Amino acid sequence: MDVVEKPALVASDVDGTILGTNEQVSDHTAGVVGRVLADRTPFVLVSGRPPRWMPRIANALGVSGYVVCANGAVLYDLDEDRVIWQRGISPVRLTDLAHALDTAIPGCAVAAERVGERAADVQAFVAEKEYRHAWPEAHDLAPRAEVLGHTAIKLLVRRVEMTSAEMAAAATAVLGDEFAITYSTNAGLIEVSERDVTKATGLADVCARLEVAAEDVIAFGDMPNDIPMLRWAGHGVAMANAHHELLEVADEVTGTNDQNGVAQVLERWF
């Protein structure tokens, strides 16, 4: 359903969507988001990123309140630096998951993303030594048993010799719908969450708290992990730089992230 009136809530992905390729928020986009907030319309960031990566982006945009993190596995309150809830994968299920992935994607390496009560109060990212990080972030190395030994909000699986799409297809063939499998880059990395955890489920919880109906939400994204959210929202907008799978389900395509595509759409109302 298309939004024909001003949306009651704006939801946006971060990387490749609200951020430019330089990983910064443009002055133009920040200005438009400021007008959204001045109108008392909630602006909710919905990201694959963990809580610890969100304050910088939120501050650049001037947003506060609820943030959906880790593809819907965490609801985080920016104002209170508090994890409201997390939907993690238990150590037993992580171990079974890793064994299945070894069959589906031979030679893969894994890392676990964890969260505590605040954004940075646990050893948040732990990887086995064979894991090659997709982003320039320092992380702790540990044997696989330690990586899998604590509840994780998502398991990251790396195989640089494959595309992420190839990895997702191989993993789905073995796991079926036992876990939620997605990716936010096509560079040999998939992210696995507990069953039925998506950006849509996380955003739906926020909207229930704010008493906003799905049909009154506009959502922006660029990669396959945004598909559930764009389908759930009343109006789903894909960036021009989006993955082809997202372009196929979007209600509308806007400019690229470097062309302030989110702002281009929001300027109709704000």
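Here, every reference points to the structure presented above.
It should be emphasised that the depicted structure is a prediction, and the values quoted were computed from it without experimental measurement.

## Quick look at the nonpolar core
Part 1 of the reasoning: Counting residues in each nonpolar core, the largest one holds 36 residues, and the members touching the most others are Phe43, Leu45, Leu61, Val74, Phe220 and Leu266.
Part 2 of the reasoning: Elements with a contribution of two residues or more to this core: helix H1 (14-18), helix H2 (27-38), strand S2 (43-46), helix H3 (54-61), strand S3 (66-69), strand S4 (74-77), strand S12 (217-221) and helix H10 (261-266).
Part 3 of the reasoning: Not counting the four nearest positions on each side in its chain, Leu61 is found in contact with Ile18, Val25, Thr29, Ala30, Val33, Leu37 and Leu45.
Part 4 of the reasoning: Core analysis: the next-biggest nonpolar cluster, separate from the first, contains 27 residues, Ala104, Ile105, Ala152 and Leu155 among them.

## A word on the pattern of salt bridges
Part 1 of the reasoning: Throughout the structure, instances matching the rule amount to 17 salt bridges.
Part 2 of the reasoning: Among the salt bridges present, the one from Asp13 reaches Lys199, with a minimum N-O distance of 2.9 Å. One end of the pair, Asp13, is in the loop between strand S1 (9-12) and H1; the other, Lys199, is in helix H7 (residues 199-210), and 186 residues separate them in sequence.
Part 3 of the reasoning: A relative accessible area of 1% means that Lys199 is categorised as buried.
Part 4 of the reasoning: Residue Asp15 is joined to Arg49 by a salt bridge in which the shortest nitrogen-to-oxygen separation is 2.6 Å. You can see Asp15 sitting in helix H1 and its partner Arg49 sitting in the loop between S2 and H3, a full 34 residues away along the chain.
Part 5 of the reasoning: Arg49 gets classed as buried once you look at its relative accessible area, which sits at 9%.

## Topic: the pairing of strand S6 (residues 109-113)
Successive residues of a regular strand alternate their side chains across the two faces of the sheet.
Part 1 of the reasoning: Along S6, five of the five residues are buried, which leaves the element largely enclosed by surrounding structure.
Part 2 of the reasoning: Of the two faces of S6, the one lined by Ala109, Ala111 and Glu113 and the one lined by Val110 and Ala112 are each fully buried.
Part 3 of the reasoning: Relative to strand S9 (residues 154-158), S6 runs antiparallel, the two being bridged by five bridges. Its bridge partner lying in S9, Ala109 is registered against Arg158.
Part 4 of the reasoning: As judged from the three bridges shared by S6 and strand S7 (residues 125-127), these two strands associate in the antiparallel manner.

## Digging into the state of the cysteines
Part 1 of the reasoning: What the rule picks out here adds up to zero disulfides.
Part 2 of the reasoning: The thiol of Cys207 is not disulfide-bonded; the next cysteine sulfur, from Cys69, is found 15 Å away.

## Description of the sheet that holds strand S13 (residues 235-238)
Working definition: the strands of a sheet are paired by backbone hydrogen bonds and lie parallel or antiparallel to each other.
Part 1 of the reasoning: The strand order across the open sheet formed by eight strands is S5-S4-S3-S2-S1-S12-S13-S14, and the pairing between neighbours is mixed. Of all the strands in the sheet, the pair left with one neighbour each is strand S5 (82-86) and strand S14 (252-253).
Part 2 of the reasoning: Where S13 and S14 come together, two bridges link them in parallel fashion. Bridge pairing links Ala238 to Val253 in S14.
Part 3 of the reasoning: Of the strands in this sheet, S2, S3 and S4 touch H3, which is tilted by about 150° from S2.

## So, H2
Part 1 of the reasoning: Here H2 contains 12 residues, and its C-alpha end-to-end distance of 16 Å stays within 8% of the 16 Å for a straight helix at 1.5 Å per residue.
Part 2 of the reasoning: Looking only at H2, the buried set comprises Thr29, Val32, Val33 and Val36. With its buried residues spanning 100° around the axis, H2 presents them on a single face. Opposite the buried face of H2, by more than 90 degrees, sit the exposed residues Asp27 and Ala38.

Definitions and cut-offs
- Residues numbered from 1 in each chain as written.
- Predicted model: local features only at pLDDT ≥ 70, side-chain atom pairs only at ≥ 80, totals over all residues.
- Heavy atoms only, no water.
- Core = buried A, V, L, I, M, F, W, Y, C linked by side-chain atoms within 4.5 Å.
- Buried < 20%, exposed > 50% of the residue type's maximum accessible area, 1.4 Å probe, protein only.
- Helix = DSSP H or I, 4+ residues; strand = E, 2+ residues; numbered from the N terminus.
- Contact = heavy atoms within 4.5 Å.
- Salt bridge = Lys/Arg side-chain N within 4 Å of Asp/Glu carboxyl O.
- Pairing = 2+ DSSP bridges.
- Disulfide = S-S within 2.5 Å.
- Axes fitted to C-alpha atoms, helices over the stretch in contact; angles between N-to-C directions.
- Expected span 1.5 Å × (residues − 1).
- Arc of directions from axis to C-beta.

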